[in-house]
Every structure is written in C-alpha cells, then in structure tokens.
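# Geometric and topological summary
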Amino acid sequence: VAAIYTSDFGPPSTSPDFDDWEGSDVTLVWVANYGGETDVLKVAPDGAGERVHYAYKDIGLVVGKKYKITGKYHIQTGGNLKGIDIMDTYSCDNCTGGTWLEFSTEFIATDSKIYFYGTDSSGDRTFTASGSGSDFAIKNIIVKKAVIKIAVKFLVSKALMFKL
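Here goes a summary of the coordinates provided. (Residues numbered from 1 in each chain as written. Predicted model: local features only at pLDDT ≥ 70, side-chain atom pairs only at ≥ 80, totals over all residues. Heavy atoms only, no water.)

### Some remarks on the pattern of salt bridges
This is how the line gets drawn: One side-chain nitrogen of Lys or Arg within 4 Å of one carboxyl oxygen of Asp or Glu is enough to make a salt bridge. Working definition: helices are DSSP H or I runs of at least four residues, strands are E runs of at least two. Numbering for both runs from the N terminus. Buried residues are those whose accessible area, probed at 1.4 Å on protein chains only, stays under 20% of the maximum for their type, while exposed residues exceed 50% and partly exposed ones sit between those limits.
One pass over the structure, following the stated rule, counts six salt bridges. When the shortest N-O distance is used, the salt bridge between glutamate 37 and lysine 72 registers 2.5 Å. In this pair, glutamate 37 sits in strand β4 (residues 37-45) while lysine 72 sits in strand β7 (residues 66-75), placing the two residues 35 residues apart along the sequence. Side by side, glutamate 37 and lysine 72 carry an identical accessibility label, which is buried. Measuring nitrogen to oxygen at the nearest pair gives 2.3 Å for the salt bridge that ties aspartate 88 to arginine 125.

What follows is the structure, encoded as structure tokens:
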C-alpha cells in the first residue's frame, strides 16, 4: 500500500515551514541532531499555565476511513512532559525519556489531520510545561491506508456436494 504521507523534516532550506506542520501552545523547531537522530521536528510546549500542547498536520485524511501511522518519537527528560498520545490510539504515559522509540498504530480518521499530543506522567493532555526538558521530537512519520483483511469461508452442504 502506497504512503499517503511521508514526513520530510529536512533543513529549512529544503523543507520550509517544518513540512507544513502546525501546533497549538507549542513552538516547532527543526533540529539537525536530536538524541542521536538527524532531521527531526522538535515540539516544545509553551509554558504559561495548564494547556493542551500538540503538533498536527493536515494530510487530507477521509473521515471514517482506517489508516496506519508509523514513525519514531523521543521524549526529553527533565520536565513535566512525560508521554505522548498519537491519534487517540497509541499512548506512552510516563515513558522512559531520553531515547528514540518506534510506534505503529491504526486509527479511524475523525478529520483530515494527524495529531501528536504531549502528556504528563498520568497521561493527561492538559498540563503546565516546565523547563527545557518538556519537549518531544518526531521523525519518519508515514501514513498509509490500513489494509482490511477479510476472511471468507465457504460452507458447502453435503446435499449440494452430491448434486454436483
């Protein structure tokens, strides 16, 4: 199945505007090297009060269709941000920070965008970011239509078999 979206977090001169990602109560920053990985999108929550901190991108998903999203993320250590929620179907609350982790999850689109939410240690999306350690980074994001497997069983009665 061909990818609908593949992230491109290259240098700003080759991938302007962070591959068209946007955020809410965050600052988006391209980082050449973050935790040992190159060309990543760093999502740094803005401090000021309890808020929901997230990054998103409109990739034209069709509402009601099933998709698969894969990629890597890194939770920084030292701040209030302790986890990540991806598309309401993947979460890592109170994650081990300081390392890159791979993820894969399937979801039903509720709008045209993909979302990455920062969470606190209890998994709550609403929290006050503190210090430079309250950020996360993402890379290698790929979205595809999910393959729906259908099992078909043929039941043939003995009576029908004898007629053949």
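From this point, things continue past the structure.
### Side note on unusual backbone geometry
Of note, aspartate 19 is a non-glycine position whose phi angle comes to about 60°, a positive value. One can find aspartate 19 in helix α1 (residues 17-20). Of note, the phi angle at asparagine 140 is positive, near 55°, even though the residue is not glycine. With respect to the secondary-structure elements, asparagine 140 resides in strand β13 (residues 136-145). Look at asparagine 140 and you get partly exposed, because its relative accessible area is 41%.

### Description of the side chain of threonine 105
The following threshold applies: Whenever two N or O atoms come within 3.5 Å, that pair is a polar contact, provided that in protein one can donate a hydrogen and the other can accept it, and provided that, for residues adjacent in sequence, both atoms are side-chain atoms. Any pair of residues with heavy atoms lying within 4.5 Å of one another is described as a contacting pair.
Here threonine 105 is to be found in strand β10 (residues 100-108). Among the residues examined, threonine 105 registers a relative accessible area of 9% and is labelled buried. Of note is the side chain of threonine 105, whose polar atom sits 2.7 Å from the side chain of threonine 89. Leaving out residues up to four positions away in the same chain, threonine 105 has contacts with Tyr67, Lys68, Ile69, Ile86, Thr89 and Tyr90.

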